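Here are the chains, one letter per residue:
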Amino acid sequence: MKNKLPFYLGFILMLTCSLAFSQTKSVSGTVTDEQGMPLPGVNIAVQDTNSGTQTDFDGNYTLNAEEGSVLVFSYLGFKNQQVTVGTGSSYNVTLQTSADELDEILVVGYGTQSKRTLTDNIVKLSAEDIDEVPVSNFQSALVGKAAGVQITQNNGKVEGGLNIRVRGATSITAGTQPLYVLDGIPLYNANESSNGAPTNPLLSISPNEIESIEVLKDASSAAIYGARGANGVVIITTKTGKEGKAEFSVNISHGFSEPTNTREWLSGTQYIELFREAAINAVDYGEFADQAEAVDYIEGIFDFLAADTDWRTNPVNTDWQALAFQNGSVSDADFSMSGGTAKTSIFFAGSMNETKGIVRGNALRRFNGRTNISHKFSERFNVGMNLSFSRTDIDRIANDNQFTTPLQAIAQPQLSPAYLEDGSINENTLYANFLLEDKFAYYKTILRRVNGRAFGDYEILDGLKINGNFAYDLFYQTEDNFRGSQTPFQSTNGEAFASSVNAENYIVSGFLSYDKTFGDVHTISAVAGTELNETTRRFESVTANQFPSDDFQTVSGGAQIVAGEGSETANAFYSLFARATYDYAGKYLLKASIRRDGSSRFGANERYGIFPAFSAGWIISEEGFLKDSDVLSYLKLRGSWGKTGNADIGNFPSRYLFESVSYNQKAGISFSQPGNPDLTWETTTQTDIGLEFGFLNGKISGEIDYYHKNTDGLLFDVPLVPSSGALSISSNIGELENKGWEFILNTDNIQAENFQWSTSFNISNNKNEILSLPNDNNDIITGRNIQRVGEPVNSLYVLEFAGVDPANGDGLYYVNSVNPDGSLNKETTNNPNAANRIVAGNPFPEWYGGLTNTFNFLNVDFSFTFQGEFGASIFNDGGRFQSASADYFDNQTLDQYTDRWRQPGDITDVPQARLFGGNGTARSTRYLDRTDFVRLRNATLGYTIPQEAIERYGLSKVRVYVTGVNLLTFTDFDADYDPESTSDAGGVGVSFYSAPPARTFSMGLNVKF
């Protein structure tokens, strides 16, 4: 026994040493980005174990690991990196930025999903896509950057309403705008303007608050929003605090604006020559007995227009266009604070935007504040709150169809002075002098908005969470309009109008979510829940006149209350929804969703609707025959089908309505609308097939999509027989379709150490066609727009101009009557009443897209975006006054002077000038033009001061930049100011004295601490 003791002692010693070598040891280090900045919150996992940690505020970490184990470092937006633990105990890591867009996490309805495994068609735009673009609304910063999404502003007014069409117009009479969801809150988005021109109710959202914007384009992604998803869904996610070192950021910029285009008008001298000639020409057509009478008449008009100035020897040349426009400006200032710990994160931001418009009297000022807080009470229980407030003050002008709007001043002849010799405003002009309105009137709109959301989630079991939300959206608008006794058309010693709208939106939702991976190959994600959305709206207005003095400018100062209105309405949606996704081995993807919506807006027999959707995907590049390809790095085929609805039709179209009336000062009730218990939402069925690809490890990537949308049950007011007691009844009759292609190509052209260049290109095609209409498919004509089977929605419907007869200068029109064989009679006539209107243009582009390039060289960054649209037309309804062959006394465009027909044999498109002759002035294709254009939508050049020069001052980033919007436009369009300007007073694809967009140049400074 004694001899064996050393053996046992040796064995025990060897075992102890072995155990010592296999025990874990402490490993530490710092994780930074490529610029050397510490990265807080980086996940560090010990491979094949449950052990791991995160970096702290300064990017530092400490954990226990065995020698030979592998540490995996992962952080959103950066490439994963692995480090093998050796004999050392310190491992510093620099993470490389990930250029692979497939790693992105997208926000979808009631959850998130990786782009790699997504089977829907969703486009994501990040904060970088909208930062530092000097516009008053965040939507304008998205132009040209989202395939299949067309964004146009009515005109150049700062508050101008926006039209956003996701894959075409899906309705004729109901709403066509997408549903906006802000941090899970479906936003109130109704136009509440009272002056005839729409405002953009989403002006309240400041771009500096936004983390990302996801546009849900296909039915599979939007069907989770059911009856409100037919026009697409725009999900806006605001910024939150990140775990790690707190950050304070300040951004300040200032710039100036001008119109993208101005037009050339007749000078006073040219006006006199042209209209004298026009009066003389009118003798041959019986307007005057002889030339002497014609000259006497027109010179009397000149006397009136010149307002006692000497038009014969020294005519006034008032530049009315310059008076209507002004030098605009844009000032932005915002700050944000963000940070967090392992349990609590906070984000706080404030901003101010002050925009002076390019049209005289038009301006905007907005203030925003936001707080987002979340707290983790335990590993299973999280709560949070988002709260924002904004106030937007808008100085407004009259709508485009009013004589007092500034741009209608271009109708004034330049020989009319704007001011008299004593400095007073000239009141005796051809039309109302808008300067009187500018000086003695105001129209102020104030938008106040409060958004709030309280939310929480609790993990009941591993992977199973219960989620709850309560949200509140308050939209409160006031309008005040005063027109003093000296304003045009004022016969009541001043008039004041005041209105208020209070819309409150309540949303309560609760849902279960489940995410789990089984056996490393089966991943299941599911969500199921319920939601209640109730909206109430209260409107009041009052009008007073007979003011003792213009010093009294509110309703209480008027002697008479001449009008008043008040109403209170409400609507509600109650919904059940569910969605499930399945991922097998990262290759085979399935998804299904369903929503059941009930709405108070629809008939008792059709109160509820069901909206299902299905989608599938196959990541072909994960198959064995492609997995090791050095060229093709990613290939996914996906397809989807689903149904969505459009409930944007007002609150009571299905109800029997009665209204109060007064007869001989006695109160009564009158029947005003018949009910339809079978009325329901318009339903859009959409199919989408897409191919996503990547080459050379993601250096080249893109998507190709084909979609087909069919909308049936279109809402129309169908005429009734007079004996029914009503003129019409709302019914679901009609069908239309949209179909098209979308192409996206992203390339990393150069990715060197000191120079990077990337490009993003998208182009989309959309064909819109009406398939059926009520009343046996009869045409529905409204102004210059027509709804006709086989044609696009709101097609432009006017006479076809045939040019000028070289023999006599007559303006000609094609007859376009139908021949017995069905063809059109292309004979010409100078009588517009003998001609027939045709579908002459499409107000919506058939192709649209954008090209963005981004360059980085050392500390210099440069990016620009071109946007283009092709295939649309605009009809200038003011052209029959502005380019009217001197038919009216309005000032004329310069071509009416330089290109007019003067003698037999002249070849021109400008008819002979004939006062009161109506020569070629009927509404025709003479005033219609294709709007094809390519525009340099924005460009930004920036310089970031090197880190070593600023770190001594406690700064982490200082960047100066210059940026511009609408810098260049390439187009042949000349029917009006701009190919994107349309009237805000009605008509689709129609302009009428409409302001062009603003061209803006700004300089800015961004500082981070």
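Just above sits the structure.
As the structure is a computational prediction, the values presented were derived from the model and not from experiment. (Residues numbered from 1 in each chain as written. Predicted model: local features only at pLDDT ≥ 70, side-chain atom pairs only at ≥ 80, totals over all residues. Heavy atoms only, no water.)

1. What about the overall build of the protein chain?
Summing up its helical and strand segments, the protein chain has 12 helices and 53 strands in all. Here the C-alpha atoms of the protein chain give a radius of gyration of 33 Å, agreeing with the 30 Å that 2.2 N^0.38 yields for 1009 residues. Counting only C-alpha atoms and orienting by the principal axes, one finds that the protein chain spans roughly 150 × 70 × 65 Å. Each of the 1009 residues in the protein chain was classed as buried or not, and the buried ones make up 53%. At a minimum sequence separation of 6, the contacts of the protein chain that also span at least 24 residues come to 68%. Surface exposure of the protein chain reaches about 43900 Å², of which carbon and sulfur atoms provide 54%. The positive charge centre, built from 74 side chains, and the negative charge centre, built from 119, are 7 Å apart in the protein chain. (Helix = DSSP H or I, 4+ residues; strand = E, 2+ residues; numbered from the N terminus. Rg over C-alpha atoms; globule rule 2.2 N^0.38 Å. Buried < 20%, exposed > 50% of the residue type's maximum accessible area, 1.4 Å probe, protein only. Contact = heavy atoms within 4.5 Å. Areas by Shrake-Rupley, 256 points an atom, 1.4 Å probe, with all protein chains shown as cover. Lys, Arg positive; Asp, Glu negative; His and termini not counted. Charge placed at Lys NZ, Arg CZ, Asp CG, Glu CD.)

2. Considerations on unusual backbone geometry
Despite not being glycine, Asn-816 has its phi angle at roughly 55°, a positive value. Turning to its location among the elements, Asn-816 is positioned in the loop between strand 43 (811-814) and strand 44 (828-829). Residue Asn-816 is classed as buried on the basis of its relative accessible area, which comes to 4%. Positive phi values are uncommon outside glycine, yet Asn-966 reaches one of about 55°. Structurally, the position occupied by Asn-966 is in strand 51 (residues 957-971).

3. With respect to the sheet that holds strand 3 (residues 52-54)
Spatial ordering of the open sheet is given by 3-2-5-6, a layout of four strands whose pairing is antiparallel. Each edge of the open sheet carries a strand with a single partner, namely strand 3 and strand 6 (81-84). Taking each pair of neighbouring strands and ignoring which way they run, the sheet shows an average axis angle of 20°. One ladder, built from three bridges, connects strand 2 (residues 43-46) with strand 3; its direction is antiparallel. Residue pairing for strand 3: Ala-45 is matched across the bridge by Gly-52. (Pairing = 2+ DSSP bridges. Axes fitted to C-alpha atoms, helices over the stretch in contact; angles between N-to-C directions.)

4. Re the packing of aromatic side chains
Counted according to the given criterion, the structure contains 42 aromatic pairs. Among the aromatic residues, ring-to-ring pairing joins Tyr-271, Phe-275, Phe-288, Tyr-297, Phe-302, Trp-311, Phe-889 and Phe-916 into one connected group. Stacked on the ring of Tyr-608, the Lys or Arg Arg-596 has its end atom at 4.2 Å from the ring centre. (Phe/Tyr/Trp six-rings, centres within 6.5 Å; stacked < 30°, edge-to-face > 60°. Lys NZ or Arg CZ within 6 Å of the ring centre and 35° of its normal.)

5. Some details on the packing of helix 4 (residues 268-281) against helix 5 (residues 291-306)
Helices that pack against each other are described as a pair by the angle of their axes relative to one another and the distance between those axes. Look at helix 4 against helix 5: their axes get within 8 Å of each other, and the N-to-C directions meet at 145°. The hand of the helix 4/helix 5 crossing is right-handed. Residues Tyr-271, Ile-272, Phe-275, Arg-276, Ala-279 and Ile-280 of helix 4 lie in contact with helix 5, whose contacting residues are Gln-291, Ala-294, Val-295, Ile-298, Glu-299, Phe-302 and Leu-305. When grouped by side-chain class, the residues that make up the contact of helix 4 with helix 5 number 10 nonpolar, one polar and two charged. (Left-handed = near helix turned anticlockwise from the far one by under 90°. Nonpolar A, V, L, I, M, F, W, Y, C, P; charged D, E, K, R; others polar.)

6. Topic: the sheet that holds strand 49 (residues 928-930)
Read from one edge of the open sheet, three strands run 49-48-52, paired in mixed fashion. Unpaired on one side and paired on the other, strand 49 and strand 52 (990-991) mark the two borders of the sheet. In the sheet, strand 48 (residues 873-876) pairs with strand 49 via three bridges, with the strands oriented antiparallel. Its bridge partner lying in strand 49, Ser-873 is registered against Arg-930.

7. Thoughts on helix 5
If you check helix 5, its first and last C-alpha atoms are 22 Å apart, about what 16 residues at 1.5 Å a residue would give, namely 22 Å. Listed in full, the buried residues belonging to helix 5 are Ala-294, Ile-298, Glu-299, Ile-301, Phe-302, Leu-305 and Ala-306. The arc that holds every buried residue of helix 5, seen down its axis, measures 155°, which confines them to one face. Where the residues of helix 5 are buried, they touch helix 4. (Expected span 1.5 Å × (residues − 1). Arc of directions from axis to C-beta.)

8. Comments concerning a nonpolar patch on the surface
A cluster of nonpolar residues, Phe-857, Leu-858, Val-860, Phe-862, Leu-941, Tyr-943, Val-960, Val-962, Met-1003 and Leu-1005, forms a patch on the protein surface that exposes about 850 Å² of accessible area. Taken together, the elements giving at least two residues each to the nonpolar patch come down to strand 47 (860-870), strand 50 (933-944), strand 51 and strand 53 (998-1008). You can see Leu-1005 is positioned in strand 53. (Patch = residues over 30% accessible without salt bridge, like charges linked within 9 Å, V, L, I, M, F, W, Y side chains within 5 Å. Salt bridge = Lys/Arg side-chain N within 4 Å of Asp/Glu carboxyl O.)

9. Observations concerning the pairing of strand 18 (residues 328-340)
Where strand 17 (residues 244-259) and strand 18 come together, 12 bridges link them in antiparallel fashion. Within the sheet, the bridge partner assigned to Ser-257 lies in strand 18 and is Gly-328. Across 12 bridges, strand 18 lies against strand 19 (residues 344-356) in antiparallel orientation. Pairing of Met-337 across the sheet is with Phe-348, part of strand 19.

10. Some points on the pattern of salt bridges
A side chain of one charge can pair with a side chain of the opposite charge if their charged atoms are brought near each other. Taken as a whole, this structure holds 51 salt bridges when the rule is applied. With a shortest N-O distance of 2.4 Å, Asp-120 and Lys-591 are connected by a salt bridge. Of the two residues, Asp-120 sits in the loop between strand 9 (111-114) and strand 10 (122-126) while Lys-591 sits in strand 27 (residues 588-599), which places them 471 residues apart along the sequence. Comparing Asp-120 with Lys-591 shows no difference in burial state: the two are buried.

11. With respect to the nonpolar core
In this structure, Phe-138, Tyr-180, Ile-213 and Ile-236 are the most contacted members of the largest nonpolar core, which totals 29 residues. Counting only elements with at least two residues in this core, the list comes to strand 10, strand 11 (149-153), strand 12 (162-166), strand 13 (179-182), strand 15 (210-216) and strand 16 (233-238). Not counting chain neighbours up to four residues away, the residues in contact with Phe-138 comprise Ile-130, Tyr-180, Leu-202, Ile-205, Pro-207, Ile-210, Ile-213 and Ile-236. Among the nonpolar cores identified, the runner-up in size contains 24 residues, and Tyr-271, Phe-275, Ile-298 and Trp-311 belong to it. (Core = buried A, V, L, I, M, F, W, Y, C linked by side-chain atoms within 4.5 Å.)

12. A look at helix 4
When the terminal C-alpha atoms of helix 4 are compared, their 20 Å separation across 14 residues agrees well with the 20 Å that a helix rising 1.5 Å per residue should span. Of all the residues in helix 4, the buried ones are Gly-268, Gln-270, Tyr-271, Ile-272, Leu-274, Phe-275, Glu-277, Ala-278, Ala-279 and Asn-281. Those residues of helix 4 hidden inside the fold are in contact with helix 5 and helix 11 (895-898).

13. A look at the side chain of Thr-683
With respect to the helices, strands and loops of the structure, Thr-683 is situated in strand 32 (residues 682-695). If we ignore the near neighbours within four places in the chain, the residues touching Thr-683 are Lys-643, Thr-644, Asn-710, Thr-711 and Asp-712.

14. Quick look at the side chain of Ser-640
Examined against the element boundaries, Ser-640 turns out to sit in strand 29 (residues 632-646). Engagement of the side chain of Ser-640 in a polar contact is seen with the side chain of Asp-218, the distance being 2.9 Å. When near neighbours in sequence (up to four residues on either side) are disregarded, Ser-640 contacts Thr-119, Asp-218, Ser-220, Phe-614, Ser-615, Gln-686, Thr-687 and Asp-688. (Polar contact = N/O pair within 3.5 Å; in protein donor to acceptor, adjacent residues only side chain to side chain.)

15. Some details on the environment of Gly-384
Mapped onto the elements, Gly-384 comes out in strand 21 (residues 381-395). Residue classification places Gly-384 among the buried positions, given a relative accessible area of 13%. With 69 residues separating them along the chain, Gly-384 and Arg-453 place their C-alpha atoms 8.2 Å apart. Apart from the residues within four sequence positions on either side, Gly-384 is in contact with Ile-373, Ser-374, Arg-453, Ala-454 and Phe-455.

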